[in-house]
Amino acid sequence: MQTLSPDALSEQLRNDDEGPLVLDIRHEAEFEEWHIPGSVNVDVYDELTGDPDRAKPALSALPSESRIVTVCAAGVVSQTATEVLRELGYDAVTLADGMSGWSRVHRHAEVPVDLDGAIVQVARPGKGCLSHVLVSDGKAAVFDPSHYLDEYDAILDEYDAELVGVFDTHAHADHVSGAASLADRHGVPYYLHPKDALALDARPLEDGQTLTVGRLDVEVIHTPGHSEGSVSFDVDGAALLTGDTLFHDSVGRVELGVEAGIEDADVEGNAATLYDGLRRLLDRPDDAVVLPAHDPGSPDPPVTATLAEVRDRNADLGRDREAFVEELASDVPDHPPNFERVKRTNVGQESVPADELAELELGPNNCAAE
């Protein structure tokens, strides 16, 4: 069976104007919840798992000149779709491991920012996650890494930099953090605010604290609301790593508490706290580059905006306190898949076997207030 690796598909979609037609054969509801941007959905899943010949009428309506990559959840049923398409004369291959494979894809690019060093943004298009590697004078720090640690080691090798610390802006709810594991692999400190480090041996972060990476100063700004321990980082006044506190077009949601207690969350109190934290960020220089931990859709790095641009386009920042609290308290989007277990894993309250991590975090990112 001919297959295409997730990384190869990513490169084709990113660089090829005549890229393949990505055909998602899952049920429509699953497709609507989470899919590869630009893909098309032909819901023939039941037919393919029952009598594949019944899928032929729907599949034969696809453009005959298209190169087709079939997609399902794990790359199993889509293999049957590929077989049927090839019987019909199409040039078709299967995306290896399906959406599970797509969620593992990482891309990276350097952020245009005026620093005595570099910031490399690492994007996961299948999750909408963004992490960052700060490099200066042969030293490096990693912020909000995924659990695919080799991606970060490759960047450290590329920049010939020694890792000196790993940071999480908060205890994430939508993906499994690799920060503690990456720090342990390199024998360096793992930093997390104590309000989020419930059962972790993490180096505590304090509001106003300044750490040094090479020639650069990194200031810790405690910006709770999304979680009690959420922090942002001011990198030499030129960049703001804002985690899930401030996105380019939204702000962090306020009911995903660090203990994942939705019923007990003080949503209005958290929204008011978030409002105050955002005011502290908005006092920073207009030309500071805002680098959040997530971006919806399929981010192609570098994803950047200046603080002035974010002020102009982010409607949440234009609301007064009362309107802001009312909006966030009344707007509760769908929860990230498996978020309670993901959160418990990231605060050290649950240990998940390595071979289950990928499945645990499958699905869309839902950490922004919509």
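Here's what I pulled together on the structure shown here. Just so you know, these numbers come straight off a predicted model, no measurement behind them. All chains use their own residue numbering, which begins from 1 and follows the written sequence. With the structure being a predicted model, the display of local features is reserved for residues of pLDDT at least 70 and the display and counting of side-chain atom pairs for 80 or more, all residues being used for whole-chain, interface and lining totals. Calculation of side-chain values draws on the structure's entire complement of heavy atoms; hydrogens and water are dropped beforehand.

Some details on the overall build of the chain
Step number 1: Helix numbers and strand numbers start at the N terminus; a helix is a DSSP run of H or I with at least 4 residues, a strand a run of E with at least 2. Assigned secondary structure in the chain consists of 13 helices and 18 strands.
Step number 2: Radius of gyration here is computed from C-alpha atoms only, and the compact-globule reference equals 2.2 Å multiplied by the residue count raised to the power 0.38. In terms of overall size, the chain behaves like a compact globule, its C-alpha atoms giving a radius of gyration of 21 Å where 370 residues would be expected to give roughly 21 Å.
Step number 3: Summarising its shape, the C-alpha atoms of the chain cover approximately 65 × 50 × 40 Å along the three principal directions.
Step number 4: Among the 370 residues that make up the chain, the fraction classed as buried is 55%.
Step number 5: In this tally, Asp and Glu contribute negative charge and Lys and Arg positive charge; neither His nor the terminal groups of the chain are included. Charged groups are reduced to one reference atom each: NZ for lysine, CZ for arginine, CG for aspartic acid, CD for glutamic acid. Here the chain contributes 26 positively and 74 negatively charged side chains, and the mean placements of these two sets differ by 1 Å. Buried means the residue's accessible area, taken with a 1.4 Å probe over protein chains only, is under 20% of the maximum for its type, while exposed means over 50%, and partly exposed covers the values in between.

Considering helix 5 (residues 77-87)
Step number 1: Turning to helix 5, its buried residues are Val77, Ser78, Ala81, Thr82, Val84 and Leu85. Along the long axis of helix 5, the arc covered by the buried residues comes to 165 degrees, so they all point the same way.
Step number 2: Residues are treated as being in contact if the distance between any of their heavy atoms lies within 4.5 Å. In this structure, the buried residues of helix 5 make contact with strand 2 (21-24), helix 3 (45-49), helix 4 (56-59), strand 4 (67-71) and strand 5 (91-95).
Step number 3: One or two steps after helix 5, the chain reaches Gly89, where phi turns positive at roughly 95 degrees. To obtain the arc, one takes the directions from the helix axis to the C-beta atoms.

Re the sheet that holds strand 10 (residues 162-167)
Step number 1: Overall, mixed pairing links the seven strands, which are arranged 6-7-8-9-10-11-12 in an open sheet. Only two strands of the sheet have a single partner each, and these edge strands are strand 6 (107-110) and strand 12 (203-204).
Step number 2: Two strands pair if DSSP finds at least two bridges between them. Pairing of strand 6 with strand 7 (residues 118-124), which is carried by four bridges, proceeds in the antiparallel orientation. Paired with His108 across the strands is Val122, a residue of strand 7.

Brief notes about the pattern of salt bridges
Side chains that carry opposite charge are capable of pairing whenever their charged atoms lie near each other.
Step number 1: In what follows, salt bridge is the name for a side-chain nitrogen of Lys or Arg lying within 4 Å of a carboxyl oxygen of Asp or Glu. Under the definition given, this model contains 22 salt bridges.
Step number 2: A salt bridge links Glu361 to Arg124, with the nearest nitrogen and oxygen atoms 2.8 Å apart. Linking Glu361 in the segment after helix 13 (357-360) with Arg124 in strand 7, this pair joins segments that are 237 residues apart in sequence.
Step number 3: Asp234 is paired through a salt bridge with Arg284; the nearest N and O atoms lie 2.8 Å apart. Remark: Arg284 occurs in the loop between helix 9 (267-282) and strand 17 (289-292) and Asp234 occurs in strand 15 (residues 231-235); sequence separation between them is 50 residues. Like Arg284, Asp234 is buried.
Step number 4: Overlapping salt bridges, with partners in common, bring together Arg14, Arg107 and Asp300 in one network.

Quick notes on the sheet that holds strand 13 (residues 210-213)
Step number 1: Judged by pairing direction, the sheet is mixed, and its six strands sit side by side in the order 13-14-15-16-17-18 without closing on themselves. Because the sheet does not close on itself, it has two edges, and the strands there are strand 13 and strand 18 (305-306).
Step number 2: Relative to strand 14 (residues 216-222), strand 13 runs antiparallel, the two sharing four bridges. What sits directly across from Leu211, in strand 14, is Val218.

Comments concerning the pairing of strand 5
Step number 1: Counting buried residues in strand 5 gives four out of five residues, a clear majority hidden from the surface.
Step number 2: Sheet topology places strand 1 (residues 3-4) next to strand 5; two bridges connect them, and they run parallel. Directly across from Thr3, in strand 5, lies its bridge partner Thr94.
Step number 3: As defined by bridge partners, strand 4 adjoins strand 5 across four bridges and the pair is classed as parallel. Following the sheet pairing, Val69 is matched in strand 5 by Val93.

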